[in-house]
Amino acid sequence: EKCLRDFRKSIYLYGDVLKRCESSRDDRSRLATEMAIVSLQDEWAKYVRSIAFQSSTGKASTTSGLLITCSHPVKNEADFLTRLGLSIGDREPDWHVADVAIGKLRLLNPSNYSSLSANLGSTTSPEKFMRDYRNFVVHKYRNTAEKLKRNSEFVRLGYSGKLSELVFEIKGGGLKIY
C-alpha cells in the first residue's frame, strides 16, 4: 500500500506540472515537461519493482485484503535479486518496460502474476510513449527521435514530427543531431 500511495503522490505532483506546461510552448515549459516525464517514468519503475518485490514475499495483500501467496516466497532483498538472476551490485532490470517486468514476474511466480501481467501489458498503458519520449529527451539521438516520431500516441497528440514543439533545445553552439 505504501508503494501505491507514493506512486499516486508522484502522479499528482508531476501531473500538475504537465497540466501547467500544457498550454505553453516556451523553453521553460518544455524543460519542465521533460523533467516531469523522466521523473514519472522513474517513479513508475520504482512502483513496478516494489509491486514485484512485495508480491513475491508471500506477505502482501491486494487492495481488497486478499493475501498474495508465492510458491517460494523471497526472504529478503538479496534473495529477490538471486531469483531474478542478479547479484547485489548488478544493474536492475528495466522495470518500466512492461515486457521486461512481466518476464521477471514470471520468474518470481506470485499468485497475482496473471493480474499483474494483464495490467502491465495493457494496450491502453502509456508506458511505450513515456519510454520513447523519455529516451529521446535523455539521449536526443537520431534513432530515439525517429522512434518517438513513429509512436502513435505522439502522432495522436498532434505534434506531427515537430520535435522542437515538444522538447527543450539547447541554444548556442550545441549540435542538433535529431
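It should be emphasised that the depicted structure is a prediction, and the values quoted were computed from it without experimental measurement. Numbering of residues starts from 1 in every chain and runs along the sequence as written. Where local features are concerned, this predicted model is filtered to residues with pLDDT of at least 70; where side-chain atom pairs are given and counted, the filter is 80 or more; whole-chain, interface and lining totals use all residues. Side-chain figures throughout are based on the complete set of non-hydrogen atoms in the structure, without hydrogens or water.

### Observations regarding the overall build of the protein
For step 1, the next point in the chain: Secondary structure summary: the protein contains eight helices and zero strands in total.
For step 2, the next point in the chain: What counts as a helix is a DSSP run of H or I of at least four residues, what counts as a strand is a run of E of at least two, and both are numbered from the N terminus. For the protein, the α and β elements follow one another from N to C terminus as α-α-α-α-α-α-α-α.
For step 3, the next point in the chain: Per-residue burial over the protein gives 39% buried out of 178 residues.
For step 4, the next point in the chain: Between two residues, a contact is recorded if the distance between any of their heavy atoms is within 4.5 Å. A separation of at least 24 residues holds for 53% of the contacts in the protein among residues at least 6 apart in sequence.
For step 5, the next point in the chain: Per-residue accessibility takes into account occlusion by the displayed protein chains alone, with areas from the Shrake-Rupley method and a 1.4 Å probe. As presented, the protein carries roughly 10900 Å² of accessible surface, and 54% of it is formed by carbon and sulfur atoms. Residue burial is assigned from relative accessible area. The probe radius is 1.4 Å, only protein chains are included, and a residue is buried under 20% of its type maximum, exposed over 50%, and partly exposed in between.

### With respect to helix 7 (residues 142–150)
Think of an α-helix as turning once every 3.6 residues; residues three or four places apart then point the same way.
For step 1, the next point in the chain: Where helix 7 is concerned, the buried positions are Thr144, Ala145 and Leu148. Burial along helix 7 is one-sided: seen end-on, the buried residues are contained in an arc of 100°. Pointing more than 90 degrees away from the buried face of helix 7 are the exposed residues Arg142, Asn143 and Arg150. Throughout, the arc means that of the directions going from the helix axis to the C-beta atoms.

### Quick notes on the nonpolar core
For step 1, the next point in the chain: What is meant by a nonpolar core is a set of buried Ala, Val, Leu, Ile, Met, Phe, Trp, Tyr and Cys residues, joined one to another through side-chain atoms within 4.5 Å. In terms of nonpolar packing, the biggest core is built from 20 residues, with Ala52, Phe80, Leu84, Trp95, Leu105, Leu108 and Leu120 touching the most fellow members.
For step 2, the next point in the chain: Of all the secondary-structure elements, those providing two or more residues to this core are helix 2 (27–57), helix 3 (77–83), helix 4 (98–108) and helix 5 (113–120).
For step 3, the next point in the chain: Among the elements that take part in this core, helix 2 stands out by supplying six residues, more than any other.
For step 4, the next point in the chain: The contacts of Trp95, once residues within four sequence positions are left out, are Ala45, Val48, Arg49, Ala52, Phe80, Leu84, Ala101 and Lys104.
For step 5, the next point in the chain: Ranked by size, the runner-up nonpolar core spans nine residues in total, among them Val38, Val137, Ala145 and Leu148.

### Side note on the environment of Ala145
For step 1, the next point in the chain: Mapped onto the fold, Ala145 is located in helix 7.
For step 2, the next point in the chain: Its relative accessible area of 1% is what places Ala145 among the buried residues.
For step 3, the next point in the chain: The sequence separation of Ala145 and Asn135 amounts to 10 residues, and the corresponding C-alpha distance is 8.7 Å.

### Details of the confidence of the model for the protein
For step 1, the next point in the chain: With 87% of its residues at a pLDDT of at least 70, the protein reaches an overall mean of 82.
For step 2, the next point in the chain: pLDDT expresses how confident the predictor is about each individual residue, on a scale running from 0 to 100. Confidence drops under a pLDDT of 50 for residues 171–175, and excluding neighbours within four residues, the segment shows one contact in the predicted structure.

### Digging into the packing of helix 4 against helix 5
A packed helix pair is summarised by two numbers, namely the angle formed by the two axes and the spacing between the axes.
For step 1, the next point in the chain: Axis definition: a line fitted to C-alpha atoms, limited for helices to the stretch in contact. Angles are taken between N-to-C directions and run from 0 to 180 degrees. Closest axis-to-axis distance for the helix 4/helix 5 pair is 9 Å, and the angle between their directions is 175°. The angle between the axes of helix 4 and helix 5 places the two elements in the roughly antiparallel class. For the pair helix 4 and helix 5, contact is made by Ala98, Ala101, Ile102, Leu105 and Arg106 and by Tyr113, Leu116, Ser117 and Leu120, respectively.
For step 2, the next point in the chain: As a working rule, the residues Ala, Val, Leu, Ile, Met, Phe, Trp, Tyr, Cys and Pro are called nonpolar, Asp, Glu, Lys and Arg charged, and the rest polar, with Gly in that last group. Each residue belonging to the contact of helix 4 with helix 5 can be placed in one class, and the counts come to seven nonpolar, one polar and one charged. For classification purposes, angles smaller than 35 degrees are called roughly parallel, those larger than 145 roughly antiparallel, those between 65 and 115 roughly perpendicular, and all remaining angles oblique.

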